[in-house]
Structure formats: structure tokens, C-alpha cells
Amino acid sequence: MKHQNECKQCGTCCEKGGPALHTQDLPLIEKGLLSFDNLITIRKGELAHDPVSSSVASVKNELIKIRGIKDSWTCIFYDKTRKGCTIYDHRPHACKTLKCWDTDDILGLAGKNLLSRLDIVKEGNPLRKRLIEHEALFPCPDLKTISRTITRSSKKTIKKLERISNKDLAYRIRAIEEFKLSVSQELFIFGRPLFQLLAPLGFTTRETSSGIKLGFSHKH
Ligand code: SF4
Ligand code: SF4
């Protein structure tokens, strides 16, 4: 078999997920080529695939990624029909660096010079104060420990997480109304709501008139 030494434009990397943004990408945001609507925040403490260790690990430093299409991680700028990037000329630094056949460069980039929300939402933007407050009030809990210790009978923990989930949602709803945020803007400004982070751990959510009810079904 011929050894691969160039991009075959198969799109697999774009379908696996949009890139994390680095300081080199800040001009794309400043020039308006990428908007808040295009981004999603993976907050410190969230569980994500770590390319260096090839395992699921808690994120040590916040990441800003290009968001996915609907509920998938496939990059929103990936055109499946044409198998191409719709922002090719101004694609992020990680996309330019990625060579799936030789991963040294991309692994060298992992975790370095990452952009965070505070690099993007500048001083003077009222959302900056709000996201700092939200992060202080609702930091991502220790999902690894929860995942290790939770069982159906952990009623106290489930109730506590349910209370925080509802407060987190109430905070978001207030900000959405005040700043007229779209869902994607909300996911960039505040990251994903707690109940969504708990779902892959086996938590279930039911909407009721008094807020969401959290349950636990099984470990995935
Ligand atoms: S870098 Fe690799 S995975 Fe990505 S499009 Fe090119 S050949 Fe496919
Ligand atoms: S920005 Fe373009 S190259 Fe980068 S992951 Fe998205 S579609 Fe692929």
C-alpha cells in the first residue's frame, strides 16, 4: 500500500469535530470571519478526548472550538456534499496544521496557546462580566469522580446536581432574555449546561413545570 503523504480530502478530520482555536486565530474573530455563533466553549473540568494520551480526560484549560452541525461534532464549516471546507482560505490554525498521516505537528500544538473566552469577549463587553460570574457560580463539577462513584442510590448527589442544574439553567435564561442570545451564542458564552455534561455519565433529564428532574439510569 502506498504510504500517504498528502491530504486526500476525505473529510474524516472535519467530521470528527471542529478545531480548538489558538492565539493565531484571534484575527479571524476580530475581522468577523468567525462569530460567537460559530463557537462552543469546552470549560475547564469537562470530559473530552485527549489526543495526546488518546483517552477521555478532564480538560485542564478551557477550549474554544468551532461548533458542530446540529447535535453532532461535525464541523459546521464542513460541506458534506462537496467534501470540502467552506472557509478554506481562512480556516483555523489547527486545520492548517493537521496532517493525519503525520501527527507530530498537531500533537505539538495540543494544549498550547489556546484561546479562552476572555481573549475573545473583550473588556467593555457586558457579556464578559456575566460569563465570569457564571463560571464562579457554576464551575464544571468533578465529572470523573461523579462518574466513578455514582449509582442509582446516590439520591443526595443526584438531588444536589439537580438543584445546581436548575440554577444554571435559570441563570442562562435570564442572560438569554437580557442579551437576546441565540442558543449557539449561549453555548459559547456559558459552555454547555450542566445537565448536558451529565448525560454521557448516565444521567437522565425530564422537564417538569417546576424545572428539570434529574435521574440516573446506568453507566455508559
Ligand atoms: S487531513 Fe487526513 S483525515 Fe483530514 S481530510 Fe485530509 S486525508 Fe482526510
Ligand atoms: S474549519 Fe474547515 S478544515 Fe477545519 S474542521 Fe472545519 S471544515 Fe474542516
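You'll find the structure just up there.
Residues numbered from 1 in each chain as written. Chains lettered and ligands numbered in written order. Predicted model: local features only at pLDDT ≥ 70, side-chain atom pairs only at ≥ 80, totals over all residues. Heavy atoms only, no water.

### Thoughts on the overall build of the protein chain
To be explicit about the condition: The helix count covers DSSP runs of H or I at least four residues long, the strand count covers runs of E at least two residues long, and both are numbered beginning at the N terminus. For a compact globule the rule gives 2.2 Å times the number of residues to the power 0.38, and the radius of gyration it is set against comes from C-alpha atoms. We call a residue buried when its accessible area falls under 20% of the maximum for its residue type, exposed when it is over 50%, and partly exposed in between, using a 1.4 Å probe and counting protein chains only. Contacts are assigned to residue pairs with any non-hydrogen atoms lying within 4.5 Å of each other. All accessible areas in this document rest on Shrake-Rupley with a 1.4 Å probe, and a residue is counted as covered only by the protein chains that are shown. In this tally Asp and Glu are treated as negative and Lys and Arg as positive; neither His nor the chain ends contributes. For this purpose, a charge sits on NZ of Lys, CZ of Arg, CG of Asp or CD of Glu.
Counting its regular elements, the protein chain contains ten helices and eight strands. Computed over C-alpha atoms, the radius of gyration of the protein chain comes to 19 Å, within 12% of the 17 Å expected from 2.2 N^0.38 for 220 residues, which places it in the range of a compact globule. Expressed along its principal axes, the backbone C-alpha trace of the protein chain runs to roughly 55 × 45 × 30 Å. Burial statistics for the protein chain: of 220 residues in total, 38% are counted as buried. Intrachain contacts of the protein chain at a sequence separation of at least 6 include 66% that bridge at least 24 residues. For the protein chain, the computed accessible surface area is about 13,200 Å², with 55% contributed by carbon and sulfur atoms. Placing the 38 positive and 25 negative side-chain charges of the protein chain at their respective mean positions leaves the two points 6 Å apart.

### Re the site of ligand 1
Our working definition: Here a residue counts as near a molecule or strand whenever at least one of its heavy atoms sits within 4 Å of it. Lys, Arg, Asp and Glu make up the charged group, whereas Ala, Val, Leu, Ile, Met, Phe, Trp, Tyr, Cys and Pro make up the nonpolar group; the residues left over, Gly among them, are polar.
Every residue near ligand 1 is listed here: Gln4, Cys7, Lys8, Gln9, Cys10, Gly11, Thr12, Cys13 and Cys100. Among the residues making up the shell around ligand 1, the classes are represented as four nonpolar, four polar and one charged.

### Concerning the packing of aromatic side chains
Two numbers describe a pair of aromatic rings. These are the distance of the centres and the angle of the planes. Rules: Centres within 6.5 Å are what make two rings of Phe, Tyr or Trp a pair, Trp counting through its six-membered ring; a difference in plane orientation under 30 degrees is then read as stacked, over 60 as edge-to-face, and the rest as tilted.
Following the criterion strictly, the structure yields four aromatic pairs and no others. Look at Tyr171 and Phe190: their rings are 5.8 Å apart centre to centre, the planes differ by 90°, and that puts the pair in the edge-to-face class. On the criterion of sequence distance, the pair formed by Tyr171 in helix 8 (residues 155–179) and Phe190 in the loop between helix 9 (183–189) and helix 10 (194–198) is long-range, its members being 19 residues apart. As far as the burial class goes, Tyr171 and Phe190 line up, both buried. Pairing Phe203 with Phe216 gives two aromatic rings, centres 5.2 Å apart and planes at 70°, and the pair type is edge-to-face. Here Phe203 is found in strand 7 (residues 203–208), whereas its partner Phe216 is found in strand 8 (residues 211–216), with 13 residues between them in sequence.

### Remarks on the side chain of Asn38
We apply this condition: Contacts described as polar in this section are N or O atom pairs within 3.5 Å, which, within protein, must combine one atom able to donate a hydrogen with one able to accept it, while residues neighboring in sequence count only if both atoms come from side chains.
Structurally, Asn38 is set in the loop between helix 2 (26–30) and strand 1 (39–42). Its relative accessible area of 15% is what places Asn38 among the buried residues. Engagement of the side chain of Asn38 in a polar contact is seen with the backbone nitrogen of Ser35, the distance being 2.8 Å. Residues in contact with Asn38, not counting those within four places in the same chain, are Leu33, Lys65, Ile66, Arg67, Ile76 and Phe77.

### A closer look at the nonpolar core
Counted only if it meets this: Nonpolar core, defined: a set of buried Ala, Val, Leu, Ile, Met, Phe, Trp, Tyr and Cys residues in which side-chain atoms within 4.5 Å join the residues together. Start and end points for every domain follow an automatic or database-based domain assignment.
The biggest cluster of nonpolar side chains holds 24 residues, and the ones touching the most others in it are Leu21, Leu34, Leu39 and Ile120. The set of elements that each furnish at least two residues to this core consists of helix 2, strand 4 (63–66), helix 6 (126–137), helix 8 and helix 9. Tallying contributions element by element places helix 2 first for this core, with three residues. Taken domain by domain, the makeup of this core includes at least three residues from each of domain 1 (12–118) and domain 2 (122–216). Setting aside chain neighbours within four positions, we find Ile120 in contact with Leu26, Ile29, Phe36, Leu39, Ile64, Leu115 and Phe188. Leu143, Leu194, Phe203 and Phe216 belong to the second-largest nonpolar core, a separate cluster that totals 13 residues.

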